[in-house]
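The primary structure of each chain is shown beneath.
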Amino acid sequence: MEQYDVMVVGAGPVGCFVASEIAKEQYKVALIEEHTHIGLPVQCAGLITPRVFETFKIPSQNIVQNEIYGANIHSPSGDVLGVGGDKLHAFAIDRTQFDAKLASLAMNAGVSLFSGTRVISAKKTDHTIVLDAKQSNNQIQLAGNIVVGADGPHSFIRKAFNLPEPKEMLKGIGAEITDANLDSRIPLGAPKKTVSDHVILVGDAAAQVKPTSGGGIYTGLLSARFCARVAIEALQQKSFTEKTLSQYHKKWTDEIGKELQLGMRFRKIFTHLQDKDMDAYIKKLNNEETIEIINSYGEIDYPSHLVMPLVKKKPSLLKLISHYRKQR
Ligand SMILES: Cc1cc2nc3c(=O)[nH]c(=O)nc-3n(C[C@H](O)[C@H](O)[C@H](O)COP(=O)(O)OP(=O)(O)OC[C@H]3O[C@@H](n4cnc5c(N)ncnc54)[C@H](O)[C@@H]3O)c2cc1C
């Protein structure tokens with residue numbers, strides 16, 4: 001049985017990034033992916049902010065397909081609120097190329113990639129984790145000090161180690177002209193616990209997703225960086241207890257926990273609005289002054305940054321919140 005320092009299950013963007021960061025420190029890392037081709041099937045609209053390339057130093061060549069400067073929001077009665085301005089807010093990316101690039105960076109860092117390999121069992125022994133995985137014609141066994149569950153919304157690792165489920169599973173449909181993928185899920189509402197002895201969850205497996213947009217690439221990669229740092233510290237200290245690994249949970253929740261929690265609240269407010277409320281609020285926002293505020297403070301990765309400036313300008317928007325409280 002091959003022995004690793006860290007076994008990462010799932011070669012989505014988050015798993016590839018974690019594996020890469022740990023391997024750069026000369027640790028032995030296995031990256032296990034059930035699909036044969038990294039990045040396929042596509043289950044993503046591919047909208048990310050320029051911040052993703054800058055923060056995580058990912059080369060954008062052959063990945064960016066379009067630049068997005070604004071959006072038109074249509075109210076139920078047909079009003080259109082145009083927001084955006086001059087700032088580049090997002091890129092539309094080729095998600096397959098993006099994942100493939102991250103996988104190739106991981107392999108260049110020394111990661112052993114097992115594609116076409118599905119993890120079917122995960123067990124904790126006294127000092128190690130043992131994974132059984134199925135390939136097309138045979139079964140393999142891997143062992144390691146830490147297993148990172150970067151295995152997406154339905155996370156096998158989360159279930160195998162009884163870690164809490166996301167609060168909500170949103171159905172998403174990714175459609176291309178000749179193909180429609182009807183089995184996509186977006187996990188929302190990050191659980192209170194994302195580690196246990198020898199085990200860490202990250203990315204969609206830990207529901208590190210913005211509840212207002214369903215975007216999880218930036219938040220997942222941000223958490224992946226903390227995951228890699230804490231795993232490296234654990235390997236240096238040779239301590240893989242829940243207590244040691246809980247530093248990861250603390251770090252990622254300190255960084256984005258509040259933003260994700262606020263996002264859940266905004267989402268609840270919006271999902272309770274009737275069409276007539278939407279019409280009224282879009283009318284309220286549709287003037288030069290508020291559009292200017294939206295354009296200046298609107299932040300796809302940090303939607304909460306817009307709330308205070310907007311409410312300061314239009315205190316009547318606070319009614320949204322009291323409206324929601326009445327609905328509960
Ligand atoms: C319809 C839709 C549109 C979206 N649009 C956007 C967007 O525009 N912008 C944005 O930021 N986010 C978007 N998202 C969310 C984004 O796709 C995810 O947040 C992101 O992919 C999370 O990355 P990940 O690496 O954590 O998980 P994933 O990308 O889900 O990767 C998990 C990997 O684990 C593998 N795996 C699972 N189980 C096993 C197993 N037992 N053994 C081996 N391998 C396994 C899977 O095959 C998969 O490759 C969208 C999601 C959906 C569904």
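Further up the page is the structure itself.
The present account deals with the structure reproduced in this document. Computed from a predicted structure; not experimentally measured.

Focus on the overall build of the protein chain
Next up, step 1: Of the regular secondary structure elements, the protein chain holds 10 helices and 15 strands.
Next up, step 2: Rg of the C-alpha trace for the protein chain: 21 Å, near the compact-globule value of 20 Å for 328 residues, within the 12% margin.
Next up, step 3: By its C-alpha atoms, the protein chain is 65 × 40 × 30 Å across when sized along the principal axes.
Next up, step 4: Out of the 328 residues belonging to the protein chain, those deemed buried represent 37%.
Next up, step 5: For the protein chain, long-range pairs separated by at least 24 residues make up 66% of all intrachain contacts whose partners lie at least 6 apart in sequence.

Here's the deal with the site of the ligand
Next up, step 1: Surveying the vicinity of the ligand reveals 36 residues, the closest of which are G10, G12, G152, G203 and G216.
Next up, step 2: For the shell around the ligand, the secondary structure elements donating two or more residues are α1 (13–23), β3 (47–48), β9 (118–124), β12 (168–176), β13 (179–188) and α5 (217–237).
Next up, step 3: Of the residues assigned to the shell around the ligand, the class counts are 16 nonpolar, 15 polar and 5 charged.

Observations concerning the nonpolar core
Soluble globular proteins tend to pack their nonpolar side chains together in the buried interior.
Next up, step 1: In terms of nonpolar packing, the biggest core is built from 76 residues, with V18 and V148 touching the most fellow members.
Next up, step 2: Among the elements that line this core, the one with the most residues is α5, at 11 residues.
Next up, step 3: Setting aside chain neighbours within four positions, we find V148 in contact with V6, V8, V9, V18, I200, V202, C227 and A231.

A word on the packing of α5 against helix α6 (residues 242–272)
Next up, step 1: In the contact formed by α5 and α6, the axes pass within 9 Å of each other and the chain directions differ by 155 degrees. For the element pair α5 / α6, the angle class is roughly antiparallel. Read as a crossing pair, α5 and α6 show a hand that is right-handed. Residues T219, L222, S223, F226, C227, V230, A234 and Q237 of α5 form the contact with α6, whose participating residues are T244, L245, Q247, Y248, K251, W252, E255 and I256.
Next up, step 2: Tallied by class, residues from the contact of α5 with α6 come to 9 nonpolar, 5 polar and 2 charged.

Overview of the sheet that holds β3
Next up, step 1: Taken together, the 3 strands give an open sheet; going across it, the order is β3-β7-β4, and neighbouring strands pair in antiparallel fashion. Every other strand in the sheet has two partners, leaving β3 and β4 (64–68) as the edge strands with one partner each.
Next up, step 2: Relative to strand β7 (residues 90–93), β3 runs antiparallel, the two sharing 2 bridges. Along β7, the bridge assignment pairs L47 with A92.

Some thoughts on the packing of α1 against helix α3 (residues 95–108)
Next up, step 1: Between α1 and α3, the shortest axis-to-axis distance is 8 Å and the interhelical angle comes to 20 degrees. Considering their axes alone, α1 and α3 lie roughly parallel with respect to each other. Here α1 and α3 pass one another in a crossing that is left-handed. Residue-level contacts link P13, C16, F17, A19, S20 and A23 of α1 to F98, D99, L102, A103, L105 and A106 of α3.
Next up, step 2: For the contact of α1 with α3, the class distribution of residues is 10 nonpolar, 1 polar and 1 charged.

Parameters at a glance
By convention here, each chain's residues receive numbers from 1 onward along its written sequence. Only residues with pLDDT of 70 or above have their local features reported here, since the model is predicted, and side-chain atom pairs are shown and tallied only from 80 upward, although totals for entire chains, interfaces and linings are computed over all residues. Helix and strand labels come from DSSP, where a helix needs a run of H or I of at least four residues and a strand needs a run of E of at least two; each type is numbered from the N terminus. With C-alpha atoms as the basis for the radius of gyration, the globule rule is written as 2.2 Å multiplied by the number of residues raised to the power 0.38. To sort residues by exposure, count the other C-beta atoms lying within 10 Å of each residue's C-beta; 20 or more gives buried, 12 or fewer gives exposed, and values between give partly exposed, all with C-beta atoms placed from the backbone. Two residues qualify as being in contact provided that their C-beta atoms, derived from the backbone, are within 7 Å of each other. Each residue receives a C-beta atom placed from its backbone. It is near a molecule or strand if this atom lies within 6 Å of it. Any residue outside Ala, Val, Leu, Ile, Met, Phe, Trp, Tyr, Cys, Pro, Asp, Glu, Lys and Arg is labelled polar, Gly included; the first ten of those are nonpolar and the last four are charged. The nonpolar core criterion groups buried Ala, Val, Leu, Ile, Met, Phe, Trp, Tyr and Cys residues into a set whenever they are joined through C-beta atoms within 7 Å. Only the contacting stretch of a helix is used when fitting its axis, a line to C-alpha atoms as for every element, and angles between N-to-C directions run 0 to 180 degrees. For classification purposes, an angle smaller than 35 degrees is called roughly parallel, one larger than 145 roughly antiparallel, one from 65 to 115 roughly perpendicular, and anything else oblique. In this scheme, a crossing is called left-handed if the near helix is turned counterclockwise away from the far one by less than a right angle; it is called right-handed if the turn is clockwise. Note: two strands are recorded as paired if DSSP finds a minimum of 2 bridges between them.

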